[in-house]
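Topology and contacts: notes
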Amino acid sequence: MAKTARKKAAPKQLTTAQRLDSIIKSARKIMRKDKGLNGDLDRLPMLTWIMFLKFLDDMERIEEGRADLAGKDYRSIIEAPYRWRDWAADADGITGPDLLSFLVADEAERPGGIRGPGLFAYLRGLRGDNGRRERRDVIATVFQGFANRMESGYLLRDVVNLIDGIHFDSSEEVHTLGRLYETLLREMRDAAGDSGEFYTPRPVVRFMVEVTDPKLGETILDPACGTGGFLTESYQHLERQADTVEKRRILQEDSFFGGEAKSLPFLLSQLNLLLHGLHAPRIDPGNALRFRLAEIGEDQRVNVILTNPPFGGEEETGILNNFPEDRRTAETALLFLQLIMRRLKRAGRGRAAVVVPQGTLFGDGISARIKADLLEKFNLHTVVRLREGVFAPYTDIPANLIFFDTSGPTKDIWYYELPLPEGRKKYSKTAPMAYEEFGGCLEWWNDRRENERAWKVSAADLVQRDDQDRVTSCNLDIKNPHIAELEDQRTPKEIIKTIVDTERDVLKQLVDIQNGIDRVSVLDGKPTHLGEFLTKSDDWVTTEPDVIYKQVTVRLWGKGLILRGLKSGSEIAAAKQVKVSVGQFLMSRIDARHGAFGIVPEDLNEALVSNDFPAFNIDTSVVLPHFFEWITRTEGFVDLCRRASEGSTNRVRLKEEKFLDMRVPVPTLDEQKEILDRLDILASLRNLNQTVEADLNAMIQAMLHEVFRGRPEALSQAE
């Protein structure tokens, strides 16, 4: 009996978001194969400029169509043969070495066989008409500092073909890609490590814009705009108000200004703003601090400043000379604070919302003088105190949001302290702050009353002066009076007693260790090959695209394992990964010579690693995992790994067979436990010494308090 033919199921229709997400992930997967790109910090800028050029060409097509309907001539921003449609749109077009040459050579064979400037050289030479800043200038500035890093023109062609499937002339696709781009920027922050300061968490940005409430017709500035978060959020805030042709013109041409001195975030901000609808972003690529403060006049002032200026940096002498002599400081955040105050429109027509680190609030000296200017010449009306980890992983330092305007001087300052979600000690990269957590503050903002989270402080006594009217202090770090005081209130005698008791405990334990040191020194550990107690784990898993996995990485110099991040299977480069288990030993083939080893802790159980991080089961009848971990932290063990590693400069590896052939002394298990006991005591003594250091710092402050109590004039500046 013949079988009835089954009807083929119709292919699943992807939503716009799913299709675009798939394109971006596929492009990134291809880029991972290119040897010239080392991580997301290389790949994401590449992806950005490719999308940037496709975006421009789609926008050009829209403008051309409008001009044609109106019977007008249209001059392309990018001329043939440099338009996306000329060299990129044909899937079988220019590729390989020819594509790379066309992109980066000063002179290259262009599509059509004619020689001329390469694409980047042409783009860098674009200029606007009649001195007006327009998209040509934006494009030229973006590509000034850009260099192609992909080594394979064939892989680059594959990426270009994928990006050609994005339709920037569809408002739905642009809106969706704008959201996806925000995700890319977060990943850029994570990849950037210490350079992650150019990214401000989006909930913080949204809250600051919401309560500052810029109006159409006002000028908005972010002098350190990073990837453009404050400007894009402000654009979306104002866009709802632009309901006529003239208002749209004001929105596009007269509203937004920024500055960003670093080339990478400058590039990222351009596409971010373009994707959100701003046609010709006005972002200054220079250092916003390069102008003399005294020479900034009314024509350079704006209505609203929203910013998260860099902090903890240091500026060159030439920049410092732009500031008054008694207000020059190495702290970049304080220089920007002075710039912000100078650039606000006067007489109540200017207002600012600024992220500042904790140190800005309590700092003395130059910091106190700058804060005194803020209180006496401006109205610092609100300080919102954020909790630890909001800016993780870049920094765990608690930050504050300060809000002030030019209707000063300050009479009262309202403080609002955001609570942590229940059960949380701090925020982190994997558990970040959500916008909804600002809900209580938003409700309070326009109906201010003191409560367990909000309190008001009179500004009258915050600025302290000596008898010659010089500022000696200005402490804005006012603690929440509704929460029990946690600061150290001990007297100097009480602190000294605590230190003495701690040191006696340390001394007693050191004597115990000294008495047993001879016993430890005669322990005769048997030289044992690592292969005798380490066996490689082959717990391979194949990742599934829609499943989220923990990924692990190994830190250098014996600092152990940490969570690298949470990723879906589609974002992990190799589909086959090794699943690790608690108590296994992990090493990095590449960085073993730099002490990259560790034991898998409980919180990283069943996380995934690539084949570059072999995992080993430990035979605990031979060696205790914790004991072996101490061995791997020794200089001798790291030196063994260094000498056993092989390869050229950029491809040095420690092969497993070489690693397992290395020998280390292994005492009996009882002896290992004895040694571990002493090592653990020493580790605890190290923690006790940190406690003593904290007590000594408290002692210094307590003694100073005793010395100068009732004598504020003793802290005045010398003549």
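Anything mentioned here points back to the structure above.
Residues numbered from 1 in each chain as written. Predicted model: local features only at pLDDT ≥ 70, side-chain atom pairs only at ≥ 80, totals over all residues. Heavy atoms only, no water.

Another aspect to go through is the overall build of the protein chain. The secondary structure content of the protein chain amounts to 22 helices and 24 strands. Within the span of the protein chain, comprising 719 residues, buried residues form 48% of the whole. Sequence separation of at least 24 residues holds for 75% of the intrachain contacts in the protein chain that already meet a minimum separation of 6. Here the protein chain displays about 36,200 Å² of accessible surface, and carbon together with sulfur accounts for 50% of that area. (Helix = DSSP H or I, 4+ residues; strand = E, 2+ residues; numbered from the N terminus. Buried < 20%, exposed > 50% of the residue type's maximum accessible area, 1.4 Å probe, protein only. Contact = heavy atoms within 4.5 Å. Areas by Shrake-Rupley, 256 points an atom, 1.4 Å probe, with all protein chains shown as cover.)

A word on the sheet that holds strand 20 (residues 585-587). Here 4 strands make up an open sheet; going across it, the order is 15-23-20-21 and the pairing antiparallel. Two strands in the sheet have a free side with no partner beyond their single neighbour: strand 15 (534-536) and strand 21 (597-599). Strand-to-strand twist of the sheet, defined as the mean angle between neighbouring strand axes without regard to direction, takes the value 30 degrees. One ladder, built from 2 bridges, connects strand 20 with strand 23 (residues 615-618); its direction is antiparallel. Paired with phenylalanine 585 across the two strands is phenylalanine 616, which belongs to strand 23. Running over the sheet, helix 19 (residues 625-632) touches strand 15, strand 20, strand 21 and strand 23 and is turned about 165 degrees from strand 21. (Pairing = 2+ DSSP bridges. Axes fitted to C-alpha atoms, helices over the stretch in contact; angles between N-to-C directions.)

Position of glutamine 464 relative to the elements: it lies in strand 12 (residues 463-465). Sequence separation between glutamine 464 and cysteine 474 is 10 residues, and the spatial gap between their C-alpha atoms is 6.3 Å. Residues within four places of glutamine 464 in sequence aside, it is in contact with Arg470, Val471, Thr472 and Ser473. Of the polar contacts made by the side chain of glutamine 464, one reaches the backbone oxygen of aspartate 461; its length is 2.6 Å. (Polar contact = N/O pair within 3.5 Å; in protein donor to acceptor, adjacent residues only side chain to side chain.)

Take helix 2 (residues 40-69) next. When the terminal C-alpha atoms of helix 2 are compared, their 43 Å separation across 30 residues agrees well with the 44 Å that a helix rising 1.5 Å per residue should span. Judged by how many residues are buried, helix 2 sits mostly within the fold: 21 of 30 residues are covered. Just past helix 2, the residue glycine 71 takes up positive phi, approximately 70 degrees. (Expected span 1.5 Å × (residues − 1).)

What follows is about the side chain of threonine 632. With respect to the helices and strands, the residue threonine 632 is situated in helix 19. At 2.7 Å, the side chain of threonine 632 and the backbone oxygen of glutamate 629 are in polar contact. In this structure, threonine 632 is in contact with Phe585, Phe597, Phe637 and Val638, ignoring residues within four places of it in sequence.

Moving on, we come to unusual backbone geometry. In this model, alanine 80 is joined to proline 81 through a cis peptide bond whose omega is 5 degrees. Here the bond from glycine 408 into proline 409 is cis, since omega is 10 degrees, no more than 30 degrees from zero. Here proline 409 is to be found in the loop between strand 9 (399-405) and strand 10 (412-417). Residue aspartate 213 is not a glycine yet carries a positive backbone phi of 55 degrees. When you line up the elements, aspartate 213 lands in the loop between helix 9 (202-212) and strand 3 (220-222). Although it is not a glycine, aspartate 469 sits at a positive phi angle of roughly 65 degrees. Inspection of the secondary structure assignment puts aspartate 469 in the loop between strand 12 and strand 13 (471-474). Given the relative accessible area of 55%, aspartate 469 is considered exposed.

From the geometry alone we can't say anything about function, so treat these as descriptive.
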